[in-house]
Amino acid sequence: MAKRRPSFSHLKITTVVPIYFTMIGFVLVLSLVTLHDTTPVPNFFPYSVPLDPEGFLQLFWNVSYAEEVVNFKILIKKLKFGMIFGMSDRGEFEGADLAVLWSDGLSSYFGDAWSDENGRVHIDSHQDYQLLSAQQTPEGLYLVFRRPFTTCDPNDYLIEDGTVHLIYALLEKPFQSLSAINISSLHRGLQRVQLLKPDIPTPHLPKDVITMDVLSPDVIIPDKETTYWCYITKLPEDFPKHHIVMYEPVITEGHEAIVHHIEVFQCSEEYDTFPHYSGPCDSKMKPHRLDYCRHVLAAWAMGAQAFYYPDDVGLAFGGPRSSQFLRLEVHYHNPLELKGLHDSSGIRLHYTPSLRKYDAGIMELGLVYTPLMAIPPFQREFPLTGYCTERCTDEALPSGGIHIFASQLHTHLTGRTVTTTMVRDGKEIAIVNQDKHFSPHFQEIRMLKKFVRVLPGDLLVTRCTYNTEDRSKVTVGGFSITDEMCVNYVHYYPRTELELCKSHVDPEYLKKYFSLVNNFSGQEVCTCPQSSVTEQFNKVPWNSFTSKVLDSLYNYSPISMHCNKSSAVRFPGDWEKQPLPEIRQVLAPTPAMCQCQEDSISAGPAFVNIKNLGHY
């Protein structure tokens with residue numbers, strides 16, 4: 001394609017002169033970068049994810065914990081006049097941290113930028129996105145650059161553990177300057193990943209490993225943006241106990257940008273049979289019994305690699321105490337509403353008949369699924385906290401404790417942050433898992449960077465915050481997608497009888513809340529026995545007072561503990577009206593690892609001139 005050259009015949013001398021000196025500045029900066037930048041270009045990018053649903057933008061990355069930087073490589077298959085790549089709190093394009101490749105019609109430039117609340121783009125005074133290379137290939141343009149985890153720039157995004165919301169946009173025309181770009185007018189999109197993958201050596205698979213594919217049965221993907229597809233499959237008859245030692249995704253070729261995440265659940269052993277089903281998970285035709293297939297065996301989301309169990313640990317499935325039935329759930333994200341796509345994606349389980357030393361266990365932490373725990377409407381940040389108390393761990397855990405090695409955080413649509421901490425003798429001593437940018441649309445099992453040992457008598461606290469600004473009615477706890485949850489599924493070894501360690505507010509104290517509201521609102525809330533908790537919450541006149549009082553109730557009232565075995569039976573003892581656990585000392589926040597010095601901030605725009613790409 002021939003270069004498109006803009007006409008300057010209409011420009012006045014007062015306009016041409018600044019452009020002339022600006023372009024001289026670009027060349028000078030380019031010379032400085034060429035002479036002084038000795039940063040090696042990475043050649044190994046183990047992680048990848050498609051950015052856009054058509055696959056025109058492919059992101060690859062690696063993480064250097066020694067340097068505290070992320071190295072990015074983006075393949076731009078159909079480049080016109082540039083690209084915007086960035087990060088923001090929840091995927092917003094306003095107030096975002098950006099790396100921009102753009103053309104003025106003659107030359108191309110790369111720079112660190114940010115967008116304001118109106119979507120206007122500004123060059124950053126401190127250039128923290130560092131371009132390493134730009135290479136044209138038959139596939140497209142490969143752009144390689146890096147960014148530190150932390151910077152001193154208030155316009156920069158802090159890269160930390162958990163979900164990162166990546167944004168992108170393609171430039172369809174040249175721009176004389178970044179300030180001429182308004183992001184709201186661009187073709188743009190959002191992708192979510194876990195950038196800071198744990199630096200853990202890959203365990204070796206045993207020689208007798210066997211594979212089993214749990215795949216969707218040639219599903220025709222519905223031509224709508226979001227579909228959750230459920231499929232029931234069955235293990236072979238008389239399938240003995242095995243250990244799953246690894247699993248990985250199997251994605252139908254060409255659907256890498258549409259298959260968003262996949263989960264495999266084992267059904268409850270209390271039912272001998274489960275009806276065959278293949279269809280949308282929210283269909284009215286879905287058999288009710290499928291709701292009893294909730295024991296997670298595997299979970300994958302975009303950007304995740306294969307999941308390995310520790311060398312001496314395996315997840316048991318098969319055998320006399322295990323259901324033969326599995327439920328596969330595939331989330332299709334089809335924003336272009338493409339039609340006629342046949343998909344057979346799923347999970348490949350790698351398992352061995354040679355049982356390992358330890359059975360892995362999965363334990364639910366957080367809040368019981370109950371309407372007793374509710375979130376008022378119009379809330380920017382409303383917290384709920386669930387406890388696995390000292391008494392429960394002391395009763396149920398072995399003397400040597402357990403080792404948590406992975407975690408899957410879970411809420412429904414209004415969840416914004418999830419954190420589980422471990423407390424010993426009243427002092428927080430470890431964060432088990434934390435996601436400050438949690439998205440209910442991106443939930444995967446994540447290996448912990450450091451295994452957490454939980455001893456008898458330790459306390460595990462799971463705290464979620466919710467945003468209900470767009471809801472006019474109360475949101476109660478429950479199983480519906482419009483209800484809410486606060487859960488951390490922790491993967492640990494050795495397996496114990498303890499499968500669920502969760503809490504909720506004591507019901508009698510919630511009655512006191514409704515009575516208090518009645519006194520201030522003229523008996524609008526019915527506290528009569530025939531009214532359900534949900535009905536009573538729906539009668540509350542929500543305002544700042546009723547919301548704050550409910551928050552205080554949850555923070556100070558006694559709790560009911562569910563310290564349950566896998567049979568759903570509680571461990572012996574009285575678990576009602578338990579005092580709220582006391583935390584006397586919290587972990588100090590991790591200081592930002594950056595040094596603000598005047599001479600470290602760029603004096604001006606640090607553009608890099610990319611020539612002869614052959615696209616313009």
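Residues numbered from 1 in each chain as written. Predicted model: local features only at pLDDT ≥ 70, side-chain atom pairs only at ≥ 80, totals over all residues. Heavy atoms only, no water.

1. Describing the overall build of the protein
The number of helices and strands found in the protein is five helices and 37 strands. If you take every contact in the protein between residues at least 6 apart in sequence, the share linking residues at least 24 apart comes to 78%. When the accessible surface of the protein is summed, it comes to about 28500 Å², and 52% of that surface belongs to carbon and sulfur atoms. (Helix = DSSP H or I, 4+ residues; strand = E, 2+ residues; numbered from the N terminus. Contact = heavy atoms within 4.5 Å. Areas by Shrake-Rupley, 256 points an atom, 1.4 Å probe, with all protein chains shown as cover.)

2. Topic: unusual backbone geometry
With an omega dihedral of -10°, the bond running from Y493 to P494 counts as a cis peptide bond. With respect to the helices and strands, P494 occurs in the loop between β34 (487–493) and β35 (498–505). In this structure, D218 is a non-glycine residue whose phi angle is positive, near 50°. Tracing the sequence through the fold places D218 in the loop between β12 (210–215) and β13 (219–220). For F378, which is not a glycine, the phi torsion comes out positive at approximately 65°. Residue placement: F378 occurs in the loop between β26 (374–375) and β27 (382–388).

3. Focus: helix α5 (residues 544–556)
With 13 residues, α5 extends 18 Å between its outermost C-alpha atoms, agreeing within 8% with the 18 Å of an ideal straight helix rising 1.5 Å per residue. Considered for burial, the residues of α5 that qualify are T546, S547, V549, L550, L553 and Y554. The buried residues of α5 occupy one face: seen down the axis, they fall within an arc of 165°. Exposed residues on α5 whose side chains face more than 90 degrees from its buried face are S544, K548 and Y556. N-capping of α5 is provided by N543, with a side-chain oxygen placed 2.9 Å from the backbone N of F545. (Expected span 1.5 Å × (residues − 1). Buried < 20%, exposed > 50% of the residue type's maximum accessible area, 1.4 Å probe, protein only. Arc of directions from axis to C-beta. Polar contact = N/O pair within 3.5 Å; in protein donor to acceptor, adjacent residues only side chain to side chain.)

4. Let's talk about the sheet that holds strand β32 (residues 459–466)
Taking strand neighbours across the sheet as the criterion, the four strands line up as β27-β32-β29-β30 in an open arrangement whose pairing is antiparallel. With one partner strand each, in any of the chains shown, β27 and β30 (427–435) form the two edges of the open sheet. Put simply, the sheet's adjacent strands are angled 20° from each other on average, direction ignored. Across eight bridges, the pairing between strand β29 (residues 415–424) and β32 is antiparallel. When the sheet's bridge partners are listed, V418 is paired in β32 with C464. (Pairing = 2+ DSSP bridges. Axes fitted to C-alpha atoms, helices over the stretch in contact; angles between N-to-C directions.)

5. Some thoughts on the pairing of strand β21 (residues 325–333)
With respect to burial, β21 is a largely interior element, eight of its nine residues being buried. Bridge analysis of strand β14 (residues 226–234) against β21 gives nine bridges, and the strand direction is antiparallel. Residue pairing in the sheet places Y231 in a bridge with L328 of β21. Across seven bridges, strand β16 (residues 259–266) lies against β21 in antiparallel orientation. Counted as the bridge partner of V259 is Y332 from β21.

6. Overview of the sheet that holds β16
Pairing between sheet strands relies on hydrogen bonds along the backbone, with the strands arranged either parallel or antiparallel. An order of β17-β14-β21-β16-β18 is seen for the five strands of this open sheet, with the pairing classed as antiparallel. Two strands bound the open sheet, and with one partner strand each, they are β17 (278–280) and β18 (295–301). Neighbouring strand axes in the sheet, compared pairwise and without regard to direction, differ in orientation by 15° on average. By the bridge criterion, six bridges tie β16 to β18 in an arrangement that is antiparallel. By the bridge assignment for β18, I262 is matched with W300.

7. A short note on the pairing of β29
Within β29, seven of the 10 residues are buried, leaving the element largely enclosed by the surrounding structure. One ladder, built from seven bridges, connects β29 with β30; its direction is antiparallel. Paired with V423 across the strands is E428, a residue of β30. If you look at the hairpin formed by β29 and β30, you'll find two residues sitting between the two strands, and D425 has a positive phi there, around 55°.

8. Some points on the confidence of the model for the protein
Averaged over all residues, the pLDDT of the protein equals 87, while 88% of them reach at least 70. Low pLDDT (under 50) marks residues 1–37, which in the prediction has 40 contacts with non-local residues, meaning those over four places away or in another chain. Contacts from residues 596–601, a stretch scored under 50 in pLDDT, to residues over four places away or in other chains number five contacts. (pLDDT = per-residue confidence, 0-100.)

9. A look at the nonpolar core
Counting 78 residues, the largest nonpolar core has W61 and F145 as its most contacted members. Element by element, the count of residues in this core is highest for β18, at five residues. Setting aside chain neighbours within four positions, we find F145 in contact with V70, N71, F72, I74, F85, A99, F110, Y129, Q130, L131 and L132. (Core = buried A, V, L, I, M, F, W, Y, C linked by side-chain atoms within 4.5 Å.)

10. Here we look at the side chain of R327
Topologically, R327 is positioned in strand β21. Of note is the side chain of R327, whose polar atom sits 2.9 Å from the backbone oxygen of C293. Beyond its immediate chain neighbours, meaning those up to four positions away, R327 contacts C230, Y231, I232, E263, V264, F265, C267, L290 and C293.

11. Notes on empty space enclosed by the protein
Per the counting criterion, the structure on display carries three cavities of 30 Å³ or more. The volume enclosed by the largest cavity comes to roughly 120 Å³. Every element with two or more residues in the lining of the largest cavity is listed here: β27, β35 and α5. Across the lining of the largest cavity, the residue classes break down as 10 nonpolar, five polar and one charged. As a volume, the second largest cavity reaches approximately 70 Å³. (1 Å grid on protein atoms, 1.4 Å probe; cavity = no way out; pocket = protein on both sides within 12 Å on 5 of 7 lines; lining within 4 Å. Points joined across faces, edges and corners; volume = space filled by probe spheres on them. Nonpolar A, V, L, I, M, F, W, Y, C, P; charged D, E, K, R; others polar.)

12. Points about the side chain of K197
Mapped onto the elements, K197 comes out in the loop between β11 (187–193) and β12. Buried and unpaired, K197 has E444 as its nearest opposite-charge partner, separated by 4.1 Å. Non-local contacts of K197, meaning those with residues more than four positions away in its chain, are made with Y47, W61, V63, Y65, G303, A304 and E444. (Lys, Arg positive; Asp, Glu negative; His and termini not counted. Salt bridge = Lys/Arg side-chain N within 4 Å of Asp/Glu carboxyl O.)

13. Looking at the pattern of salt bridges
Evaluated as defined, the whole model comprises 20 salt bridges. Between R147 and D97 there is a salt bridge, with its nearest N and O atoms 2.5 Å apart. With a gap of 50 residues between them, R147 in strand β9 (residues 140–148) and D97 in strand β5 (residues 97–103) connect regions that are remote in the sequence. The exposure classification of R147 matches that of D97, with both residues buried. Here R446 and E444 are joined by a salt bridge, their closest N and O atoms 3.0 Å apart. Because the salt bridges share partners, they merge into one network encompassing D435, E444 and R446.

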